[in-house]
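Chains, contacts and geometry: an overview
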Amino acid sequence: MTDLMALSAQVLLAPAILFFLLGLGAAFLKSDLSIPEPIAKAMAIYLMVAIGFKGGHEVAVGGVSADMLIAAGLGMALSFAFPFLAFALIRALAKLDGVNAGAIAAHYGSISVVTFVTALEVFRIAGTPVPGYMVAVMALMETPAILSGLWLARRALPASAKADKGGDHEVLREVLFNGSVMLLVGAFVIAMISGQKGYDVMAPLIDLPFKAVLCFFLLDMGLVAARQLMGAKLLTWRLIACALILPPLGALLGGGLAALAGLPVGAVAALAALAASASYIAVPAAIRLTLPQANPGLYLTCSLAISFPFNVTIGLPLYLTYARMLTGAS
Amino acid sequence: MHTVLRRKVDILVDQPLARKVARILDAAGVGGYTVFASLGGRGSQGSWWHDQISDAQAKVMITAVMSEEKAEKVVDALSPKLNDYGLVLFLADVQVIRGERY
């Protein structure tokens, strides 16, 4: 318990988290502080290229291991299956209709790149580095949840709305080739192909500046998350409870399965964090297009305004402590 | 100055769905339209601002000028989607100079 308290204090005092809290506070105080949207998007692109490339480089140096394949299989299975559990919980606890419950479930099965990047940084500071291949696992976990969430939601659609699917090829394109998957996988593969020479080219931009850019980006995320929460009209206490229960539930499953499979502590903690995180960039855009009947005010508020702040401030130290307990690491 | 009466159709739509609305305009034979970015606003589901990191709630305004007949086709195609898509649809009479273009 004292370990957890010390770890939580350490996490909350990391500059990235402090900047996030600054963003939250500024928005709650109605400050006019805002980061222009194109700059925030450019930072998101930078962060994805940087972690994709660093992960690919680590795998290029260390080689493909059995651990990597196990983690990839577990991650994809979790992403696909977790929406079913989330759907049942949201239906039962928040009493939402099937369409909105399916849409929210897709977000919780999928992952948040920013939560993962923050976890990498926080776990590294706490002395538990995450293996590079987890970046590839994250990219693989992004999309299966969209398919199962869509399937769940569409069963609840009235027959008249089912005709307006917008073509299943459009859904597949949106799901498989969405920008963040392209960037992450692309940078990962480029790092593996270009080897040490490629890393030497990229390192000055993606190595040291990375942590500072993450701070800027989390400042913006704090602003965006708080403004989403303040603009929300449709939140109920039951839905807020769902958005607070789903992340630890995901972590419990993800971390537990990873430990059972014998993965190292860094990978167990990372898979717990990935399973806990909920998408708020890639999945909302895909769901808005493929499932227009679902209300973005519900799914975006849950994942962005409640689960994300919970994960980065309270969740990450919990998940790391849990991973250490499971693997017997200190 | 000789002017002709045409219909102006303004459609406020979430950015991810703008492509679908554009397809409906194409299907109605509307030759041209313009997409405007928006900064933010407030509606029945709360307020929204364009500085969000996700485009899911970013809204754009699509403006097109067309004949009465085409406007009817567009309105018929969009009406069933007003609730699902969260659309705002305005119609107005406008005077144009080169009527054959619309």
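Since the model is a prediction, treat every value here as computed from it, not as a measurement.

With that settled, the discussion passes to the overall build of chain B. Within chain B, the regular secondary structure consists of three helices and six strands. Going residue by residue from the N terminus, the α and β elements of chain B occur as β-α-β-β-β-β-α-α-β. Its C-alpha atoms give chain B principal-axis dimensions of roughly 45 × 30 × 20 Å. When each of the 102 residues of chain B is scored for burial, the buried share is 44%. Long-range contacts, defined here as pairs at least 24 residues apart, represent 81% of the contacts in chain B between residues at least 6 apart. Total accessible area on chain B is roughly 5600 Å²; 53% of this is exposed by carbon and sulfur atoms. Within chain B, the 12 negative side-chain charges are centred at a point lying 3 Å from the centre of the 13 positive side-chain charges.

Looking at the largest pocket, its volume works out to about 620 Å³. Contributing to the lining of the largest pocket are 37 residues, with N295 and P296 of chain A together with Q45, Q57 and K59 of chain B lying nearest its centre. Among the secondary structure elements, those contributing two or more residues to the lining of the largest pocket are α5 (98–109), α12 (209–231) and α16 (296–327) of chain A together with β1 (4–14), β3 (40–43), β4 (46–49) and α3 (82–85) of chain B. Across the lining of the largest pocket, the residue classes break down as 13 nonpolar, 16 polar and eight charged. For the second largest pocket, the lining is made up of 21 residues, of which G179, I281, A282 and A285 of chain A together with D55 of chain B are closest to its centre. The residue inventory of the lining of the second largest pocket, partitioned by class, reads 12 nonpolar, five polar and four charged.

The next thing to look at is unusual backbone geometry. Residue and element names in this part refer to chain A. Its identity is not glycine, yet K30 carries a phi of approximately 60°, on the positive side. Within the secondary structure layout, K30 lies in the loop between α2 (15–28) and α3 (37–62). You will see that K95, though not glycine, has its phi angle at about 55°, which is positive. With a relative accessible area of 58%, K95 lands in the exposed category.

Moving on, we come to empty space enclosed by the protein. All names here are of chain A. Throughout the structure, instances matching the rule amount to two cavities of 30 Å³ or more. A volume near 150 Å³ is recorded for the largest cavity. Lining the largest cavity are 15 residues; nearest its centre among them are M48, S112, V113, V114 and I281. Broken down by class, the residue content of the lining of the largest cavity amounts to 11 nonpolar, three polar and one charged.

This part takes up the sheet that holds strand β2 (residues 34–37) of chain B. All names here are of chain B. Judged by pairing direction, the sheet is antiparallel, and its four strands sit side by side in the order β2-β5-β1-β6 without closing on themselves. The open sheet is flanked by β2 and β6 (88–96), the only strands paired with a single partner. If you compare each strand with its neighbour and ignore which way they point, the axes differ by 25° on average. Sheet topology places β1 next to β6; nine bridges connect them, and they run antiparallel. Residue pairing across strands places K8 opposite A92, the latter belonging to β6.

Residue and element names in this part refer to chain A. Here helix α8 (residues 144–155) is 12 residues long and its end C-alpha atoms lie 17 Å apart, about the 16 Å a rise of 1.5 Å per residue gives. Extensive coverage of α8 is indicated by the burial of nine of its 12 residues. For α8, the full list of buried residues reads P144, A145, I146, S148, G149, L150, L152, A153 and R154.

Residues and elements named next belong to chain A. According to the stated counting rule, one finds five aromatic pairs over all chains in the structure shown. A centroid spacing of 6.5 Å and a plane angle of 40° characterise the contact between Y46 and F210, whose relative ring orientation is tilted. Taken together, the positions of Y46 in helix α3 and F210 in helix α12 put the pair 164 residues apart, joining distant regions of the chain. Judged by its relative accessible area of 5%, F210 is buried.

A separate point is the state of the cysteines. Residues and elements named next belong to chain A. Scanning the model with the defined rule gives zero disulfides over all chains in all. C302 supplies the cysteine sulfur nearest to C242, a cysteine that is in no disulfide, at a spacing of 7.4 Å. Here C242 falls in the buried class, since its relative accessible area comes to 2%. With relative accessibility at 2%, the residue C302 sits in the buried group.

On to the interface of chain B and chain A, then. Between chain B and chain A, the contact holds 24 residues from the first and 32 residues from the second. Across the interface of chain B and chain A, roughly 2300 Å² is buried in total on both sides, 49% from carbon and sulfur atoms. Here chain B and chain A share one salt bridge between them. Linking chain B with chain A are four residue pairs in polar contact (both at pLDDT 80 or more). In terms of residue count, the dominant contributor to the side of chain B that touches chain A is helix α1 (residues 18–27) of chain B (three residues).

Criteria and cut-off values
- Residues numbered from 1 in each chain as written.
- Chains lettered and ligands numbered in written order.
- Predicted model: local features only at pLDDT ≥ 70, side-chain atom pairs only at ≥ 80, totals over all residues.
- Heavy atoms only, no water.
- Helix = DSSP H or I, 4+ residues; strand = E, 2+ residues; numbered from the N terminus.
- Buried < 20%, exposed > 50% of the residue type's maximum accessible area, 1.4 Å probe, protein only.
- Contact = heavy atoms within 4.5 Å.
- Areas by Shrake-Rupley, 256 points an atom, 1.4 Å probe, with all protein chains shown as cover.
- Lys, Arg positive; Asp, Glu negative; His and termini not counted.
- Charge placed at Lys NZ, Arg CZ, Asp CG, Glu CD.
- 1 Å grid on protein atoms, 1.4 Å probe; cavity = no way out; pocket = protein on both sides within 12 Å on 5 of 7 lines; lining within 4 Å.
- Points joined across faces, edges and corners; volume = space filled by probe spheres on them.
- Nonpolar A, V, L, I, M, F, W, Y, C, P; charged D, E, K, R; others polar.
- Pairing = 2+ DSSP bridges.
- Axes fitted to C-alpha atoms, helices over the stretch in contact; angles between N-to-C directions.
- Expected span 1.5 Å × (residues − 1).
- Phe/Tyr/Trp six-rings, centres within 6.5 Å; stacked < 30°, edge-to-face > 60°.
- Disulfide = S-S within 2.5 Å.
- Buried area = accessible area lost by both parts, 1.4 Å probe.
- Salt bridge = Lys/Arg side-chain N within 4 Å of Asp/Glu carboxyl O.
- Polar contact = N/O pair within 3.5 Å; in protein donor to acceptor, adjacent residues only side chain to side chain.

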